[in-house]
Amino acid sequence: MQQAQQTKVNTKDLVETALLIALVYIATRFINIRLPIAASGGLVHLGNTMLFIAAIVFGPKKGAAAGAFGMGLFDLLSEWAMWAPFTFVVRGIMGYIIGKIAWYNGREGNNMLVNIAGILVSGVWMIAGYYATEGILYGNWVSPVMSIPGNITQIVVGLVIGVPVSKALKKCIR
């Protein structure tokens, strides 16, 4: 019987992950604009930018942790606490998708077009996930459509800022 391969987690990985979680939380909490049109009082924030950077620069696991815990913590500590479990899942999977695509086949986040593709695929997941979340939480499947423009804005802004910053950081980390 083969033993399961153990993943080695060291202090550097823990510190990087904790810092990425903190950066996603801070960018979500302090760099945001409330949307008056969304039924849920939606928010456009730069947490996505930090999530994109985390996943592209550090890979799928750290991207998933940064998104899930960083944005989940934001929801938990704000008036959107009931969104926290959904955010944890949606943003965790989002970070994993971006990182997995960006790091696929040994690329390690170094291909800008692949990174953009990862963000776009994860953006579709985010829009669908939050549409379903809002439908479940508010019992209305029409009003969540109003949140889609804000979600698209977050993805586009995150992409425009996050991809070039990721490329610059990748050069510094080598």
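The coordinates are above.
Residues numbered from 1 in each chain as written. Predicted model: local features only at pLDDT ≥ 70, side-chain atom pairs only at ≥ 80, totals over all residues. Heavy atoms only, no water.

Novice: Is there a simple way to think about helix 4 (residues 84-102) in this case?
Specialist: Because each turn of an α-helix spans 3.6 residues, side chains separated by three or four positions end up pointing in the same direction. The terminal C-alpha atoms of helix 4, which comprises 19 residues, lie 26 Å apart, in line with the 27 Å expected from a rise of 1.5 Å per residue. Among the residues making up helix 4, those that are buried are Ala84, Thr87, Val90, Arg91, Gly92, Met94, Gly95, Ile97, Ile98, Gly99 and Ala102. Of the surrounding secondary structure, the elements contacted by the buried residues of helix 4 are strand 2 (43-45), helix 2 (47-58), helix 3 (60-76), helix 5 (112-138) and helix 6 (148-173). (Helix = DSSP H or I, 4+ residues; strand = E, 2+ residues; numbered from the N terminus. Expected span 1.5 Å × (residues − 1). Buried < 20%, exposed > 50% of the residue type's maximum accessible area, 1.4 Å probe, protein only. Contact = heavy atoms within 4.5 Å.)

Novice: I would appreciate a short explanation of the nonpolar core in the present structure.
Specialist: A general trend in soluble globular proteins is that nonpolar side chains are found buried together. Core analysis: the largest hydrophobic core is formed by 29 residues, its most contacted members being Val24, Leu51, Phe52, Met94, Ile98, Ile119 and Met126. Those elements that place two or more of their residues in this core are helix 1 (11-30), helix 2, helix 3, helix 4, helix 5 and helix 6. When residues no more than four places from it in sequence are discounted, the contact partners of Ile119 are Phe52, Ile56, Ile98, Ile155, Leu159 and Val163. (Core = buried A, V, L, I, M, F, W, Y, C linked by side-chain atoms within 4.5 Å.)

Novice: Got a minute to help me understand the packing of aromatic side chains in this structure?
Specialist: Aromatic ring pairs are described here by two measures, namely the spacing of the ring centres and the angle between the planes. Counted under the stated rule, the structure contains five aromatic pairs. On the numbers, 5.8 Å between centres and 45° between planes, the contact of Trp83 with Tyr130 is tilted. Remark: Tyr130 occurs in helix 5 and Trp83 occurs in the loop between helix 3 and helix 4; sequence separation between them is 47 residues. Accessibility assignment for this pair places Trp83 and Tyr130 in one class, buried. (Phe/Tyr/Trp six-rings, centres within 6.5 Å; stacked < 30°, edge-to-face > 60°.)

Novice: Is there a simple way to think about the pattern of salt bridges in this case?
Specialist: The final tally for this structure, using the stated rule, is three salt bridges. Across the pair Glu16 and Lys12 runs a salt bridge whose closest N-O atoms are separated by 3.7 Å. Remark: Lys12 and Glu16 occur in helix 1; sequence separation between them is four residues, near one turn of the helix. The class of Glu16 is buried, set by a relative accessible area of 17%. Lys12 gets classed as exposed once you look at its relative accessible area, which sits at 57%. Residues Lys62 and Glu16 are paired through a salt bridge, measuring 2.3 Å at the closest nitrogen-oxygen approach. Of the two residues, Lys62 sits in helix 3 while Glu16 sits in helix 1, which places them 46 residues apart along the sequence. No difference in accessibility class separates Lys62 from Glu16, as the two residues are buried. (Salt bridge = Lys/Arg side-chain N within 4 Å of Asp/Glu carboxyl O.)

Novice: In this structure, what is going on with the environment of Gly92? I would like to understand it.
Specialist: By the element assignment, Gly92 lies in helix 4. Residue class for Gly92 comes out buried when judged on its relative accessible area of 9%. Separated by 21 residues in the primary sequence, Gly92 and Met71 have C-alpha atoms spaced 9.0 Å apart. Those residues in contact with Gly92, other than ones at most four positions away along the chain, are Ala64, Gly67, Ala68 and Thr87.

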